[in-house]
Amino acid sequence: MLIDTYNRIHNYLRISLTDNCNLRCFYCMPEENYHFMPNQQLMQVDELIKIAQLFVEQGVTKIRLTGGEPLVRKDAAEIMHALGKLGVELTITTNATRVNHFIDDFEKAGIRSVNISLDTLQKEKFHLITRRDQFDTVKNNIDALLLRGFKVKVNVVVVKGLNESEILDFIEWAKNTAIEIRFIEFMPFDGNQWKSDKLVTLHEILSKISEQYQFIPSTNAAHDTSKHYSIPGHAGSFAIISTMSAPFCSSCNRIRLTADGKIKNCLFSEEESDLLNALRNGEDLLPLIENAINTKHKELGGQFSKQFELIDANTIHNRSMIAIGG
Ligand code: SAM
Ligand code: SF4
């Protein structure tokens, strides 16, 4: 078992398959000329499976594939099939632009739930946010997943002045559609020009929704990062991920593996441990994993406090989100 010094059991591994992406969301991948990692720097399929297997032997029961965009990786299907044999709950977070090529693979690998990023229901705004014209494809692929019986959660990063005016439109979408809308507070990462006044907080989101709907808080699972709510009569539901205004570090069960094989024990950790090079050098990986767990900070990577108004994003040492794996 991977238990840290605050008695948190780590049984959920998020693996980034690549830092490459076919969209350019400004809050995630700031510059158009960002240099993607060369292929040899990434974990190859056999390496990735060996590392994942080791985590499973240490008690990991859930693996999420992420990125960058996991489905731009050529061997994504091969990776899913191999991980599907490890006996864990396998899930994926994707921008859904390429989902139509992978629905059969999801089924075969045992993926039943898919998280999809979509920050706006307006085609032009989608282009503004992602710098690519893929809105219709994403919407069609969400419909295709629902038709095939997948559980779909839609991730919406809420940014002041950009899309908070659409909060009620997302809720309306979930009225007759069995999706979970997950509003995510905007988080600071390297180069994404985060400022506290761009944050739309849990409190503000709930207050907006309460203008038109009566909602009921649902019971949260032990390690939930999101707070769940239902609305009577709605087929879908909503949740809020309040990393900035009401963090959930005390029940964190997550470890991250970057596409270049480094452990990050927290989304905001500055420290990383290089598993991939150790594997390539024939070293024992377990002490590195244990050390990464043992040195996990109590909250927020030890980099900032819960008072988000005081955060100076320029003082945070971290990768950009696209290079971490969200
Ligand atoms: N490409 C996939 C996607 O977009 O779903 C997977 C990777 S993406 C980095 C994972 C999640 O992180 C997405 O839901 C995205 O919206 C979220 N994300 C990226 N940057 C963020 C930020 N600065 N604050 C909050 N969420 C962010
Ligand atoms: Fe790509 Fe996902 Fe980041 Fe957008 S949020 S740039 S889709 S990795």
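Before reading on, note that the structure itself is shown above.
Predicted model, so just to flag it, every value in this text is computed and none were measured.

### As for the packing of aromatic side chains
Counting across every chain of the model gives eleven aromatic pairs. Between Phe 106 and Phe 150, the ring centres sit 6.1 Å apart and the planes meet at 75°, which makes this aromatic pair edge-to-face. Placement of Phe 106 in helix H3 (residues 103-109) and of Phe 150 in the loop between helix H5 (135-147) and strand S5 (151-158) is noted, with a sequence separation of 44 residues between them. Since its relative accessible area comes to 0%, Phe 106 is described here as buried. With a relative accessible area of 3%, Phe 150 lands in the buried category.

### Topic: the pattern of salt bridges
Here the idea is simple: oppositely charged side chains can pair when their charged atoms come close. Under the criterion given, the structure shown has eleven salt bridges. Between Lys 123 and Asp 136 there is a salt bridge, and its shortest N-O distance comes to 2.6 Å. One end of the pair, Lys 123, is in helix H4 (residues 123-130); the other, Asp 136, is in helix H5, with 13 residues separating them in the sequence. For Lys 123, a relative accessible area of 35% translates into the label partly exposed. Two residues, Asp 260 and Lys 262, come together in a salt bridge whose shortest N-O distance is 3.2 Å.

### A short note on the site of ligand 1
Near ligand 1 lie 20 residues; those nearest to it are Gly 68, Glu 69, Ser 117, Asn 155 and Met 187. A distance of 3.2 Å is found between an oxygen atom of ligand 1 and a backbone nitrogen or oxygen belonging to Thr 94. In the environment of ligand 1, a nitrogen atom lies 2.9 Å from a nitrogen or oxygen atom belonging to the backbone of Met 187. For ligand 1, the protein covers 96% of the area, taking 550 Å² as the surface of the free molecule. Counting residues per element, the ones that place at least two in the shell around ligand 1 are strand S3 (89-94), S5 and strand S6 (179-185).

### A few points about the pairing of strand S1 (residues 12-16)
Burial analysis of S1 places five of its five residues in the buried class, the great majority of the element. Burial of the side chains of S1 extends over both faces: Tyr 12, Arg 14 and Ser 16 are buried on one face and Leu 13 and Ile 15 on the other. Bridging between S1 and strand S2 (residues 62-66) involves five bridges; their strand directions are parallel. Among the inter-strand pairings, Arg 14 is bridged to a residue of S2, identified as Arg 64. Sheet analysis places S1 next to strand S10 (residues 254-257), joined by four bridges and oriented parallel. When the sheet's bridge partners are listed, Tyr 12 is paired in S10 with Arg 254.

### Points about the pairing of S10
The two faces of S10 match: Arg 254 and Arg 256 on one face and Ile 255 and Leu 257 on the other face are all buried. Taken together, the two bridges between S10 and strand S11 (residues 262-264) define a ladder with antiparallel strand orientation. Along S11, the bridge assignment pairs Arg 256 with Lys 264. Between S10 and S11, which follow one another and run antiparallel, lie four residues, and Gly 261 among them has a positive phi close to 75°.

### Quick notes on the environment of Glu 299
Mapping Glu 299 onto the fold places it in the loop between helix H9 (286-294) and helix H10 (321-324). In this structure, the C-alpha to C-alpha distance between Glu 299 and Ser 269, residues 30 residues apart in sequence, is 9.6 Å. For Glu 299, the contacting residues outside a window of four places in its chain are Cys 249 and Lys 306.

### Re a nonpolar patch on the surface
Judged by side-chain polarity, Met 1, Ile 3 and Ile 9 come together as a nonpolar surface patch covering roughly 280 Å² of accessible area. As for its placement among the helices and strands, Met 1 is situated in the segment before S1.

### Overview of the layout of surface pockets
A volume near 250 Å³ is recorded for the second largest pocket. Around the second largest pocket, the lining comprises 14 residues; the ones closest to its centre are Gly 191, Gln 193, Trp 194, Ala 313 and Asn 314. Grouping the amino acids of the lining of the second largest pocket by side-chain chemistry returns six nonpolar, five polar and three charged.

### Side note on the site of ligand 2
What surrounds ligand 2 is the set Cys 21, Leu 23, Cys 25, Cys 28, Gly 68 and Asn 95. For the shell around ligand 2, the residue count by class is four nonpolar, two polar and no charged.

### Looking at empty space enclosed by the protein
Applying the stated rule across the entire model yields one cavity of 30 Å³ or more. Considering only enclosed or pocket space, the largest cavity measures out at about 40 Å³ in volume. Around the largest cavity, the lining residues are Phe 170, Ile 171, Ala 174, Ile 181, Ser 230, Ile 231, His 234, Gly 236, Ser 237 and Phe 238. At the level of secondary structure, the elements contributing two or more residues to the lining of the largest cavity comprise helix H6 (167-176) and strand S9 (237-241). With three residues, H6 is the single largest residue contributor to the lining of the largest cavity. Counted by class, the lining of the largest cavity contains six nonpolar, four polar and no charged residues.

What counts and how
The written sequence of each chain sets the order in which its residues are numbered from 1. Chains and ligands are labelled by the order in which they are written, letters from A for the one and numbers from 1 for the other. Two thresholds apply to this predicted model, a pLDDT of at least 70 for residue-level local features and 80 or more for giving and counting side-chain atom pairs, whereas whole-chain, interface and lining totals are computed over all residues. In computing side-chain values, all of the structure's heavy atoms are included and hydrogens and water are not. For this analysis, a ring pair means two rings from Phe, Tyr or Trp (six-membered ring only for Trp) whose centres lie within 6.5 Å, classed as stacked if their planes differ by under 30 degrees, edge-to-face if by over 60, and tilted for the remaining angles. Helix and strand assignments follow DSSP, with helices taken as H or I runs no shorter than four residues and strands as E runs no shorter than two, numbered in order from the N terminus. To sort residues, take the accessible area from a 1.4 Å probe on protein chains only and compare it with the maximum for the residue type: under 20% means buried, over 50% means exposed, and anything in between is partly exposed. Any carboxyl oxygen of Asp or Glu within 4 Å of a side-chain nitrogen of Lys or Arg constitutes a salt bridge here. It suffices for a single heavy atom of a residue to lie within 4 Å of a molecule or strand for the residue to be listed as near it. In protein, a polar contact means a hydrogen-donor-capable atom and an acceptor-capable atom, both N or O and within 3.5 Å, with residues adjacent in sequence counting only if both atoms are side-chain atoms; elsewhere, any N or O pair within 3.5 Å suffices. Residue exposure ignores everything except the shown protein chains as possible cover, and the areas themselves are Shrake-Rupley values with a 1.4 Å probe. Strand pairing is assigned whenever DSSP detects at least two bridges linking the two strands. A contact between two residues is defined here by any heavy atoms of the two lying within 4.5 Å. For patch detection, residues must exceed 30% relative accessible area and be free of salt bridges, and they are connected within 9 Å for like charges or within 5 Å for nonpolar side chains (Val, Leu, Ile, Met, Phe, Trp, Tyr). Residues are said to line a cavity or pocket when one of their atoms sits within 4 Å of a point; the points come from a 1 Å grid over protein atoms alone, cavities being sets where a 1.4 Å probe fits but cannot get out and pockets being open sets with protein on both sides within 12 Å along at least five of seven lines. Grid points are joined across faces, edges and corners, and a volume is the space filled by probe spheres set on the points. Gly falls in the polar group here, along with every residue not listed as nonpolar (Ala, Val, Leu, Ile, Met, Phe, Trp, Tyr, Cys, Pro) or charged (Asp, Glu, Lys, Arg).

That is the geometry; function is a separate question.
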